[in-house]
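Structure at a glance
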Amino acid sequence: MRTGELGYWWRSLGGAVASRAPLAGPAEADVAIVGGGFTGLWTAYYVKRAQPQLRVVVLEREMVGFGASGRNGGWVSGFFSGPARVYERRGGRDGYLALQRAMFDTVREVGAVVAEHGIEADFLSAGQLTVAIGEAQASLLRRYVSEAHELGLSEHDLRELGREELAERLVVGGARSGAFTPHVARVHPAKLVSGLARAVENLGVVIHERTPVQEIRAHEALTPAGTVRARWVVRATEGYTAQLRGLRRALVPMNSSMIVTEPLSPTAWREIGWAGAELLSDGAHAYVYLQRTADGRIAIGGRGKPYRFASRTDGSGATSQATVERLRAKLRTMFPAAAGAAVEHAWSGVLGVPRDWCMSVAADPASGIAWAGGYVGEGVAAANLAGRTLRDLLLGEPSELVALPWVGRRSPRWEPEPLRWGEIHAVYALYRQADRMEAASGRPSRLARAIDAASGRV
Ligand SMILES: Cc1cc2nc3c(=O)[nH]c(=O)nc-3n(C[C@H](O)[C@H](O)[C@H](O)COP(=O)(O)OP(=O)(O)OC[C@H]3O[C@@H](n4cnc5c(N)ncnc54)[C@H](O)[C@@H]3O)c2cc1C
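The structure displayed is predicted, hence computed values, not measured ones.

What counts, and at which threshold
- Residues numbered from 1 in each chain as written.
- Predicted model: local features only at pLDDT ≥ 70, side-chain atom pairs only at ≥ 80, totals over all residues.
- Heavy atoms only, no water.
- Helix = DSSP H or I, 4+ residues; strand = E, 2+ residues; numbered from the N terminus.
- Rg over C-alpha atoms; globule rule 2.2 N^0.38 Å.
- Buried < 20%, exposed > 50% of the residue type's maximum accessible area, 1.4 Å probe, protein only.
- Areas by Shrake-Rupley, 256 points an atom, 1.4 Å probe, with all protein chains shown as cover.
- Lys, Arg positive; Asp, Glu negative; His and termini not counted.
- Charge placed at Lys NZ, Arg CZ, Asp CG, Glu CD.
- Contact = heavy atoms within 4.5 Å.
- pLDDT = per-residue confidence, 0-100.
- Near = heavy atom within 4 Å.
- Polar contact = N/O pair within 3.5 Å; in protein donor to acceptor, adjacent residues only side chain to side chain.
- Nonpolar A, V, L, I, M, F, W, Y, C, P; charged D, E, K, R; others polar.
- Salt bridge = Lys/Arg side-chain N within 4 Å of Asp/Glu carboxyl O.
- Pairing = 2+ DSSP bridges.
- Axes fitted to C-alpha atoms, helices over the stretch in contact; angles between N-to-C directions.
- Phe/Tyr/Trp six-rings, centres within 6.5 Å; stacked < 30°, edge-to-face > 60°.
- Lys NZ or Arg CZ within 6 Å of the ring centre and 35° of its normal.
- Expected span 1.5 Å × (residues − 1).
- Arc of directions from axis to C-beta.

As a further point, take the overall build of the protein. Tallying secondary structure elements over the protein gives 11 helices and 19 strands in all. Against the compact-globule benchmark of 23 Å for 458 residues, the protein has a radius of gyration of 21 Å, which places it among compact chains. Looking at the protein as a whole, 58% of its 458 residues qualify as buried. By element, 52% of the accessible surface of the protein is carried by carbon and sulfur atoms, the whole surface being about 18,000 Å². Here the protein contributes 55 positively and 46 negatively charged side chains, and the mean placements of these two sets differ by 5 Å.

Pasting the structure below:
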């Protein structure tokens, strides 16, 4: 098994290499974007497309897709992070639903751009299945579906599946029931991010790799090679934001880890089913997320070690043996038919988590500083919506997008250390404890409800 190297997705493309020239000296631009992940690249794409005469430059510390955008689970998800009430406070129920509908549309938008530019990214409108393993997860899933319907989602958007209906799609050990939504698509993350970078360059955007931005100031991005002066500077640094001056407590870099098997045998696939290649998760509090890859493997991810002291981030994503074993054990329980399959690669990455778990996008005309992020584990599609919203904010276009309730929102700051470390580790240890209690009792635990309320996550 290999570990790190930015993960299997990059390795399947022959390895991760920064091939674009670094910034050579001071420069001027209309829009300077810091970070070459999905947020930065989608913003570059939509701004340049709307106004081709603008000089748009992307400044990336490592290489395009070095961060979560090249390492994720490949869920292009129409759902987004954080409790509905936080968005409702700004936009009411209608605003929340408008954001939800915009996210559903975003999954289709990503598919449309991929098709238009011929980006071969294994994009598949497969939908998502959540599987309840055990009775406690089944009652929690029922509650989740009915709460979503109370919020305004329809049966088409999200519906429960009985045990038999679920088994027609796939066979998961201990499954009691499931839920299905069509609003999630599958993608190969490194293919998408590298294809998008090429599409952006074809429009005339300049991408500099190996170009660290040390500080963002009004209309300026400071790098060791010199300052880039621009009408707008867009911060698209997500899990790495805490390393920028003045932003130490804005977003916490939370880890997520993945493993991927070798391609499964036709016999194993016959036993498992999963012909629709739906994105898949279980219903645990410390849940796992899975993808049936286009090349016939299973990729499974989960939290692993949740957070490093003082918001430190890793390099290439080397992953501890304990985390690998935990994910491997989960894979075996869910799919006994895959128990013999070798695990070929393990990796980790960081996602950006705001104190209230809710994403935001904003632009301040006075300083010319704009940003988007805080997607928690659901940023692949949300970054596309961010890119289109930033286009309208930067170009001063009144649009439905700039009226959505995540626009202009600010999350509270995280606590200083060591409180932050203690809190995050406690939350995940307690969620695991709640999962064990529920597996033993078959009933939803009050502990989980209490952690949800105390952490502000739900
Ligand atoms: C293991 C894992 C699994 C995930 N699974 C999913 C999933 O299945 N579906 C989903 O929706 N979301 C998922 N996520 C989250 C999702 O990947 C992210 O929300 C999304 O990719 C964020 O994109 P981004 O461009 O904002 O940030 P990133 O992709 O992290 O990009 C930020 C970029 O900024 C660069 N940078 C940072 N600091 C500087 C600086 N000072 N100067 C210049 N450049 C800088 C970094 O090198 C990096 O390339 C997952 C995340 C992880 C880690």
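Here the narrative resumes.
The next point concerns the environment of A381. In this structure, A381 sits in the loop between β19 (369-373) and α9 (382-394). Looking at A381, the relative accessible area reads 0%, which means it is buried. When the C-alpha atoms of A381 and I272 are compared, they prove to be 28 Å apart, with 109 residues separating the residues in sequence. In contact with A381, not counting residues within four places along its chain, are V76, S77, M103 and T106.

The next thing to look at is the environment of G340. With respect to the helices and strands, G340 occurs in the loop between α8 (321-334) and β17 (343-353). Of the residues examined, G340 reaches a relative accessible area of 71% and is grouped as exposed. Expressed as a C-alpha distance, the spacing of G340 and E262, which sit 78 residues apart in the sequence, is 9.9 Å.

Moving on to the confidence of the model for the protein. With 100% of its residues at a pLDDT of 70 or more, the protein shows a mean pLDDT of 96. Here helix α11 (residues 446-455) stands out as the element of the protein with the lowest mean pLDDT, 84, in contrast to helix α2 (residues 38-50), whose mean of 99 is the highest.

Before going further, it helps to examine the site of the ligand. In the region of the ligand, 38 residues are neighbours, and T39, E60, S69, V213 and G377 sit closest. Within the side chain of E60, an N or O atom sits 2.6 Å from an oxygen atom of the ligand. Starting from 1,000 Å² of accessible surface for the ligand in isolation, the protein chains cover 98%. Looking at the shell around the ligand residue by residue, the classes come out as 17 nonpolar, 15 polar and 6 charged.

Taken as a whole and judged by the stated rule, the model has 28 salt bridges. With a closest N to O distance of 2.9 Å, R297 and D295 form a salt bridge. When its relative accessible area of 11% is taken as the criterion, R297 is described as buried. Overall, D295 belongs to the partly exposed group, its relative accessible area being 37%. Through salt bridges that share partners, R20, E201 and E209 make up one connected network.

All right, on to the sheet that holds strand β13 (residues 252-261) then. Spatially, the 9 strands line up as an open sheet ordered β1-β17-β13-β16-β15-β14-β5-β7-β6, and their pairing is mixed. Both outer strands of the open sheet, β1 (2-3) and β6 (159-161), are each paired with one neighbouring strand and no more. As judged from the 4 bridges shared by strand β15 (residues 289-292) and strand β16 (residues 298-302), these two strands associate in the antiparallel manner. Counted as the bridge partner of L290 is I300 from β16. Helix α4 (residues 135-151) rests against β5 (128-133), β6, β7 (175-181) and β14 (279-282) of the sheet, and its axis sits at about 25 degrees to β7.

We now examine unusual backbone geometry. In this chain, E417 is followed by P418 through a cis amide linkage whose omega measures 5 degrees. For R210, which is not a glycine, the phi torsion comes out positive at approximately 50 degrees. Structurally, R210 can be placed in the loop between β9 (206-208) and β10 (215-217). The backbone of S311 sits at a positive phi, close to 60 degrees, despite the residue not being glycine. Within the secondary structure, S311 sits in the loop between β16 and α8.

To continue, consider the packing of aromatic side chains. In the structure shown here, the tally under the stated rule is 13 aromatic pairs. Summarising the aromatic geometry, the rings of W42 and Y46 are spaced 5.8 Å apart at their centres and angled 20 degrees between planes, so their arrangement reads as stacked. One end of the pair is W42 and the other is Y46, both in helix α2 and 4 residues apart, which spans about a single turn. When the ring of F66 is compared with that of Y240, the centres are 6.3 Å apart and the planes differ by 45 degrees; the resulting orientation is tilted. Of this pair, F66 sits in the loop between β3 (56-59) and β4 (75-77) while Y240 sits in the loop between β12 (226-235) and β13; the two residues are 174 residues apart in sequence, bridging distant segments of the chain. Over the ring of F66 we find R71, and its NZ or CZ is 4.9 Å from the ring centre. Directly above the ring of W269 sits R292, whose terminal nitrogen or CZ lies 3.6 Å from the centroid.

Looking now at α8. A rise of 1.5 Å per residue sets the reference length of α8, with its 14 residues, at 20 Å; its end C-alpha atoms lie 20 Å apart and thus fit the reference within 8%. Considered for burial, the residues of α8 that qualify are T323, V324, L327, R328, L331 and M334. Down the axis of α8, the smallest arc covering the buried residues is 130 degrees, so these residues share one side. Away from its buried face, by an angle of more than 90 degrees, α8 presents the exposed residues A322 and T333. Check the buried side of α8 and you find it contacts β5, β13, β14, β15, β16 and β17.

Regular strands place their side chains on alternate faces of the sheet. With 10 of 10 residues buried, β13 lies mostly within the body of the structure. Of the two faces of β13, the one holding V252, M254, S256, M258 and V260 and the one holding P253, N255, S257, I259 and T261 are both buried throughout. Relative to β17, β13 is paired through 10 bridges, and the arrangement is antiparallel. Note that in β17 the partner of S256 across the bridge is G349. Judged from the 4 bridges that link them, β13 and β16 form a sheet pairing that is antiparallel. Considered in β16, the bridge of I259 is made with I300.

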